[in-house]
Every structure is written in structure tokens, then in C-alpha cells.
Amino acid sequence: MTLDDYNSFCASLPHTTHVVQWGGAHVWKVGGKVFAIAGWSDGAGLAVTFKVSEMAFDILKEQPGLRPAPYLASRGMKWIQRQNGEAMDDEGLRDYIGESHRMIAAKLPKATRRELGLPA
């Protein structure tokens, strides 16, 4: 997945905003809360970080090309970083980013969800 592909996909999700912060990372938010980050790569490819369920975290953290997200996972948060497509193709990545968006949106305050037109 290229950076343009990543940004286009995240922009297609409901009520998202984009900011470049934290040393050039492309950060996508819903209701002001982060659901996906592209950047922070140790290699030449695009690294994408996203929130997952506890069960997905336990499975994905052991897969090649995936790891617990730097900074976030060390603080007990269930975030995974895809460093390459070895164990997760771009379609799978889009699915996980979409689920991250849904999980973050679901935890927004009811008033915020109502204001954004998201399911309460």
C-alpha cells in the first residue's frame, strides 16, 4: 500500500480528519481520536499502525511483517503496526483500518457520535 492509497482509503471512511504530526506521520482521526497512523517505519516501506481487539492483537503480534505498535503497545494499548505485506495483504490492511475506525468511533461520547451522525 502506498501513502496515497492509505490516505485515500482513510479519507473514504465517515467523518475522518487528517493531520501530519509526530515527525511526519500521517494521522487519521474520527471525532478527534486517532484510528490509523502511517509512518514510524524502520525500513523503506510504509508502516501502518491501527487499533485491534485483544484477540486480534494476540494473534497478529506473532505474524511476520507485523508487530506491537511502537509507543502505543508498550503502554498497554492494543495497536499493531504492519511493516510489510508478508502476513497481511493490502485488502486485509484496509479491513483492519476500517475496523479500527469502527472501534474508535464506538467509544466516542454519545453526544459526539450523535453530532457526527454515527451510530449511537
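Since this is a predicted model, take the numbers as computed values, not measurements. (Residues numbered from 1 in each chain as written. Predicted model: local features only at pLDDT ≥ 70, side-chain atom pairs only at ≥ 80, totals over all residues. Heavy atoms only, no water.)

Caption draft 1: Spotlight on the side chain of N7. In this fold, N7 is placed in helix α1 (residues 3-12). Overall, the relative accessible area of 14% leaves N7 in the buried class. Setting aside anything within four residues of it in sequence, one finds N7 in contact with H18, H26 and W28. (Helix = DSSP H or I, 4+ residues; strand = E, 2+ residues; numbered from the N terminus. Buried < 20%, exposed > 50% of the residue type's maximum accessible area, 1.4 Å probe, protein only. Contact = heavy atoms within 4.5 Å.)

Caption draft 2: Expanded view of the pairing of strand β4 (residues 48-51). Burial along β4 is two-sided: the face carrying V48 and F50 and the face carrying T49 and K51 are both buried. Note that strand β3 (residues 33-38) and β4 share three bridges and pair antiparallel. Looking at β4, one finds that I37 is bridged to T49. As defined by bridge partners, β4 adjoins strand β6 (residues 79-82) across four bridges and the pair is classed as antiparallel. Opposite T49, over in β6, you have Q81 as the bridge partner. (Pairing = 2+ DSSP bridges.)

Caption draft 3: The pairing of strand β2 (residues 25-30), seen in detail. Counting buried positions along β2 yields six of six residues, so the element is predominantly enclosed. The two faces of β2 match: A25, V27 and K29 on one face and H26, W28 and V30 on the other face are all buried. Where strand β1 (residues 16-21) meets β2, six bridges bridge the pair, whose relative direction is antiparallel. Counterpart to Q21 in the pairing with β2 is A25. As consecutive antiparallel partners, β1 and β2 are separated by three residues, and within that stretch W22 has a phi angle of approximately 50 degrees, a positive value. Sheet topology note: the β2/β3 ladder contains five bridges and is antiparallel. Across the sheet, residue W28 finds its bridge partner in β3, namely A36.

Caption draft 4: Examining α1 more closely. The set of residues buried in α1 consists of Y6, N7, F9 and C10. For α1, the angular spread of the buried residues around the axis is 165 degrees, confining them to a single face. Exposed side of α1, more than 90 degrees from the buried face: D4 and S12 are the residues found there. Here the buried face of α1 lies against β1, β2, β3, β4 and α3 (90-106). (Arc of directions from axis to C-beta.)

Caption draft 5: Up close: the sheet that holds β4. Strand order in the open sheet made by the six strands is β1-β2-β3-β4-β6-β5, with antiparallel pairing throughout. Of all strands in the sheet, those bounded by a partner on one side alone are β1 and β5 (66-68). Averaged over all pairs of adjacent strands, the angle between their axes in this sheet comes to 30 degrees, without regard to strand direction. Sheet strands touched by α1: β1, β2, β3 and β4. Its angle to β2, the strand with the most contacts, is close to 10 degrees. Running over the sheet, α3 touches β1, β2, β3, β4 and β6 and is turned about 45 degrees from β4. (Axes fitted to C-alpha atoms, helices over the stretch in contact; angles between N-to-C directions.)

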